[in-house]
Amino acid sequence: MTQSYRLNNEGLINRNKEISFKFNGKKYIGYEGDTLASALLANGVHLVGRSFKYHRPRGFFGAGVDEPNAKLQILLNGHSEPNVNATEIELVEGIEATSQNCWPSVEFDIGAINNFLNRFFPAGFYYKTFMWPKSFWYKIYEPFIRKAAGLGVASIEKDKERYEHKYEYCDLLVTGSGPAGLSSAYAAAKNGAKVILAEDKPRFGGSLLTDDVTIDNLSGKAWSDKVITELKEMPNVIVKNRSQVFGYYDHNMMVMFEKTGDHLKDKPRYTPRQRLWYIRAKEVLLSTGSIERPIVFGNNDTPGIFLSAAAKEYIKVYGVLVGKKPLIFTNNDSAYETALEFKKQGIESIILDTREEHSSELIDSAKNQNIQIKFSHAVIAANGYKKVKSAQIGKLNKDKTKFENLEIIECDCICVSGFWTPTVHLASQSGNKLKFNNQIDAFVPDKSKQKETSIGASKGTFTLKETLAEGFKTGFDLSRNITNNNNSTSIPNSNETKKSLHDKFWCSPLPKGKNYKRFVDFQNDVAVSDIEVALREGYRSIEHVKRYTTLGMATDQGRTSNLNGLQLVADVEKKIVPQVGHTTFRPPFTPITIGTIVGREVDMEYMPTRKTPMHTWHEKNNAIFVDAGAWKRPRYYKQGDENLFEAAKREAKNVRDHVGICDVTTLGKIDIKGPDAAEFLNRVYTNAWLKLPVGKARYGVMLREDGIVMDDGTTTRISENHYHMTTTTAQAANVLSHLEYYLQVVWPELKVNVISTTEQWAGAALAGPKSRDVLAKLFPNLDVSNEALPFMGYSEGNLFGVSARIFRISFSGELAYEINVESDYGLFMWEKMMEIGKEFNIQPYGTEALSTLRIEMGHVAGPELDGRTIPYDVSLEGLVSKKKDFIGKRSLQKEAFNKADRQKIVGLIPTDKKSSIPEGSHLVVDKNARLPNPKLGHVSSSCWSVENNNPFSLAIVKDGKNMIGKKLFAVSPLKNTAIEVEIISSHYVDHEGKRVRS
Amino acid sequence: MLYIKCPYCGHRSQKEFAYGGDGTIKRPELNQEISDAKWNEFVYLRKSPRGKHIELWHHIAGCRQWFKVQRDTVTHEIFQTSKTNEELK
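What counts as what
- Residues numbered from 1 in each chain as written.
- Chains lettered and ligands numbered in written order.
- Predicted model: local features only at pLDDT ≥ 70, side-chain atom pairs only at ≥ 80, totals over all residues.
- Helix = DSSP H or I, 4+ residues; strand = E, 2+ residues; numbered from the N terminus.
- Buried ≥ 20, exposed ≤ 12 C-beta atoms within 10 Å, placed from the backbone.
- Contact = placed C-beta atoms within 7 Å.
- Nonpolar A, V, L, I, M, F, W, Y, C, P; charged D, E, K, R; others polar.
- Domains from an automatic or database assignment.
- Pairing = 2+ DSSP bridges.
- Axes fitted to C-alpha atoms, helices over the stretch in contact; angles between N-to-C directions.
- Parallel < 35°, antiparallel > 145°, perpendicular 65-115°, else oblique.
- Left-handed = near helix turned anticlockwise from the far one by under 90°.
- Core = buried A, V, L, I, M, F, W, Y, C linked by C-beta atoms within 7 Å.

## Some words on the overall build of chain A
Moving on, step 1. Helix and strand counts for chain A stand at 23 helices and 50 strands.
Moving on, step 2. Principal-axis analysis of the C-alpha atoms places the extent of chain A at approximately 115 × 70 × 55 Å.
Moving on, step 3. Counting all 998 residues of chain A, 50% fall into the buried class.

## Digging into the interface of chain A and chain B
Moving on, step 1. At the interface, 20 residues of chain A touch 19 residues of chain B.
Moving on, step 2. Considered class by class, the residues forming the side of chain A that touches chain B number six nonpolar, five polar and nine charged.

## Overview of the domain arrangement of chain A
Moving on, step 1. Taken as a whole, chain A is organised into domain 1 (1-158), domain 2 (163-290 + 422-495), domain 3 (294-418), domain 4 (635-666 + 760-867), domain 5 (668-757 + 872-891) and domain 6 (899-997).
Moving on, step 2. For domain 2 of chain A and domain 6 of chain A, the distance between their C-alpha centres works out to 67 Å.

## Notes on unusual backbone geometry
Residues and elements named next belong to chain A.
Moving on, step 1. A cis amide bond, omega 0 degrees, links P587 with the succeeding residue P588.
Moving on, step 2. Within the fold, P588 resides in the loop between helix 15 (577-580) and helix 16 (594-598).
Moving on, step 3. Cis rather than trans, the peptide bond between L931 and P932 has omega equal to -5 degrees.
Moving on, step 4. Following the sequence through the fold, P932 ends up in the loop between strand 46 (922-924) and strand 47 (937-945).
Moving on, step 5. One non-glycine residue, T550, lies in positive phi territory at about 70 degrees.
Moving on, step 6. Residue placement: T550 occurs in the loop between helix 13 (542-549) and helix 14 (562-573).
Moving on, step 7. A positive phi angle, close to 55 degrees, is found at S875, a residue other than glycine.
Moving on, step 8. By the secondary structure assignment, S875 is in the loop between helix 23 (847-857) and strand 45 (904-910).
Moving on, step 9. A residue is classified by how many C-beta atoms lie within 10 Å of it, and S875, with 19 of them, is partly exposed.

## Looking at the sheet that holds strand 23 (residues 403-410) of chain A
Residues and elements named next belong to chain A.
Moving on, step 1. The three strands lie next to each other as 21-22-23, forming an open sheet whose pairing is antiparallel. In this open sheet, the two edge strands, each paired with only one partner strand, are strand 21 (377-383) and strand 23. With direction set aside, neighbouring strand axes in the sheet form an average angle of 25 degrees.
Moving on, step 2. Pairing between strand 22 (residues 390-396) and strand 23: six bridges, direction antiparallel. Opposite S390, over in strand 23, you have E410 as the bridge partner.

## Topic: the sheet that holds strand 5 (residues 66-72) of chain B
Moving on, step 1. Strand order in the open sheet formed by four strands is 3-4-5-6 (chain B), with antiparallel pairing between adjacent strands. Two strands close off the open sheet at either side, each with one partner strand: strand 3 (18-22) and strand 6 (78-83) of chain B. For this sheet, the mean angle separating the axes of adjacent strands, direction not counted, is 30 degrees.
Moving on, step 2. With three bridges connecting them, strand 3 of chain B and strand 4 (residues 52-58) of chain B associate as antiparallel partners. Along strand 4 of chain B, the bridge assignment pairs Y19 of chain B with W57 of chain B.
Moving on, step 3. Against the sheet, helix 20 (residues 732-746) of chain A touches strand 4 and strand 5 of chain B, its axis set at about 85 degrees to strand 5 of chain B.

## A word on the pairing of strand 35 (residues 668-673) of chain A
Along a regular strand, successive side chains alternate from one face of the sheet to the other.
Moving on, step 1. Pairing of strand 35 of chain A with strand 38 (residues 722-727) of chain A involves six bridges; the strand directions are antiparallel. Each residue of the ladder has a partner; that of K673 of chain A, found in strand 38 of chain A, is H722 of chain A.

## A word on the packing of helix 12 (residues 528-536) of chain A against helix 13 of chain A
Residues and elements named next belong to chain A.
Moving on, step 1. Put simply, helix 12 and helix 13 touch, their axes get as near as 10 Å, and they point 125 degrees apart. With respect to helix 13, the element helix 12 is oriented oblique. Classified by chirality, the crossing of helix 13 by helix 12 is right-handed. Here D530, I531, A534 and L535 of helix 12 come into contact with helix 13, specifically with V545, Y548 and T549.
Moving on, step 2. Looking at the contact of helix 12 with helix 13, its residues break down into five nonpolar, one polar and one charged.

## Details of the environment of Q843 of chain A
All names here are of chain A.
Moving on, step 1. By secondary structure assignment, the location of Q843 is in strand 44 (residues 842-844).
Moving on, step 2. For the pair Q843 and V924, spaced 81 residues apart in the sequence, the C-alpha separation amounts to 40 Å.
Moving on, step 3. Once you skip the residues sitting within four places of it in the chain, Q843 turns out to touch E651, N654 and G660.

## Examining the nonpolar core
Considering soluble globular proteins, one finds that nonpolar side chains tend to be buried as a cluster.
All names here are of chain A.
Moving on, step 1. Ranked by size, the top nonpolar core spans 150 residues in total, and within it A86, L172, L173, V195, F306, V379 and I414 carry the most contacts.
Moving on, step 2. Once residues lying within four places of it in the same chain are set aside, the contact partners of V195 are C170, D171, L172, V174, A185, A188, A189, N236 and V237.
Moving on, step 3. By size, the runner-up hydrophobic cluster in this structure holds 55 residues, among which are V709, M725, I870 and L908.

What follows is the structure, given as structure tokens:
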């Protein structure tokens, strides 16, 4: 029979719905409501994986986020995901799970040889062994370690799932729906607060689902169901299950991970797989509960060993027995509840209690049920390799350092309880310095740094009565401060069994001559002996011990291992735990998928795409696009099987010979208005602006306060108090912020307004000797003669019914115009220009031809204005006014900026007139000099000069002024080139600037 | 992620803002004679206090106003914000 460990009546699963799934290729059946872990356990499967370092067989240990062992590779709907916690993933029809970190199989794993060689793998093994020789690291050690120490396998397929982000605001965020969370959420909601209640498991109720308690004469579960039903009906409450609040960030920004689709076989089309919530909460209530910690003993990692609360949860929630011959090992009362649950199912267990014989409500009740209890006893070691077969136990002496009366007890599972550790991760993340509570031997939150309050077990309140009282009071108090309402809710009566004090016993001593591995951290395979080695080698700080041994560094964040590790360090160091301190808790509390973090920001949505109004035309005409920030710009228009180089040459040549048009919509445009606009420009730009007449454009350079060139562009006086500024595509946003800064912060007395109009205007540059002919036909009623519309002139015109702005400015160095129309007419303008220009051989040109044209003209752009150059360096010193002050002027007096051999822009041609010079090449005297070869400058921009038909580059070189005519080498170790170059003027074409004025 | 109160728009997430540096720096007047040392101090030298700090922020994805924020550089607590022409109390 399958599911031979499934109980007939117990549990909250749906027995009417069978679900089939595969584990390591074998088919099994479980029920709806199972986790993968509970379904496998129902089928008696315990061996699920191999450990990280020693490849020891490992089984399930917990029942939720505490699970350190059962990390599986999951295949569902064709999507493979590694390192999934089997205790957290809900069973879905068709799910396929496989064990990780084992080869060839989990049953027979060759890596397990490490287990027998374990004395060669002490703490810090990797640090000690793989250090020398250094050259071995990349080729030999690292690949080997990666292979040997892998967890699951990340999929290389594209993730087809949909992930979403959501933003939410609330008065109170309650994290966890146990008794503390339910009562506080209820009290706050009843008092009118906007509440979000988050529960990481599918079922609400937390410990109420498994504890034998009553509230308001209802069972814990019934009360929890009642409260949840009521909360769900309230309009001011959001109730979310399958939702883990995993990060606590500044100003109460909480981040939550919701599994919206993982539990659905066929999820609705637009349901995301997972959703990330950003929740800004006025107050955060941390009702995160506590996690049981184990007691450390020999071979305590053998499959079949469980936390006792997990064993209870498997019975109560899933109706599954983790074993039929349980041994219960505890230092406190709560494991007795597990024994009593076994008993209810007719299973006899034996309890080993490290405490001396005494009496309590729970102990008496176990005695009354004839459960066998051995006081002052402990498990020394588990026997069995792939499954527990028996346990070596012993009677503890008075000071609990030695054993007497050793015996072996047969058992098929060991349920261990070492008392409870409050889950303080989120409190710690909020900046709360934790304090050690001696009563419960664990850290609890101290003074709040942000607006957070811990209640219930997460602050060490372990009785139901006190927890409910705290929950109702805190929920009411916090909500009253926010809503000013005063509707209090009465605290219900509750019943629970009283518990006696726990025993401070964390680790079974080794009997003489025995050398059992006693694991503290299962997921990272850290044993007691590893911590002892670290301490012996001189590591003292707990943070160093953690990193050297990797204790608590695995994905379970040491949930079951931290405190035992600290106790151990404290014992060896003869300190107390608070002196040892604790390591830092960091988000995320549980692993979350990369997909959820990324959300919808993938592919096209990774960043916004900015397209000009003419984009569709470019597409239709074989444009190959290039990214310019978020913009897509045509780099070249491919004809036939041309490559980039050939196309750019053709397009640039056509501009020099005939006429071309280029989409310049992406240039930054800023509208500047106000009576002080001229004065403002005069302060922003290095040159004079007060006397620019209306209807004229001027080229300007702006500096940062440190004297470095920030941007350049033309600004046109449209009317008396109205200017149109253009910036480079790349600096558009920065220039706007820069202007706003000076207007709002530095000179608020200036009456000027600025606003970006980049997207309001579509722009086309019309360049080439034939451009005036095209312009004349575009604007038949406008006088476009050189006299009426001279270089740097501005006019407004009517382009077939569309009003247009015409600027006679030139980046290409040819006779050229830039025409702007409102964006919606951009395509219309472009098509008209192509149509009318046809008889003049008009061709569109892309950014590559544009670069060629400006480089051979010696016009500077981004590669020269690289944040390191002052006006002199790029030969713009003629634009620096000596009379007026402007932003950055004082910095130009700096000594380094005025040295006689200051760097300056020059032109370069290869002496062979053939070799293209890679951009970024260094200019040196001797190409064969020993490294570091003294560098005189660098090549900033390169092109193939269409005018002179040979390569040409711009470079910025030391003492550039006096270097003309000299020869240097342009070396590029990256491209492995060393080209002899001759230094010439940076203006390679038309250096008198005749064409633009023609 | 900080929660910043823009004096013009109210509380918004940090995502909408750009940090603008020390808010107490005063640019020297135009055309003012100034020593190299004083100018360099204005351009380059900034304090990096542990604790309370007055800084400028720019509501770049909102109203595009610059404003002052008094923030604790250790805890990120924001004590107050104000328009640039108002004094922080």
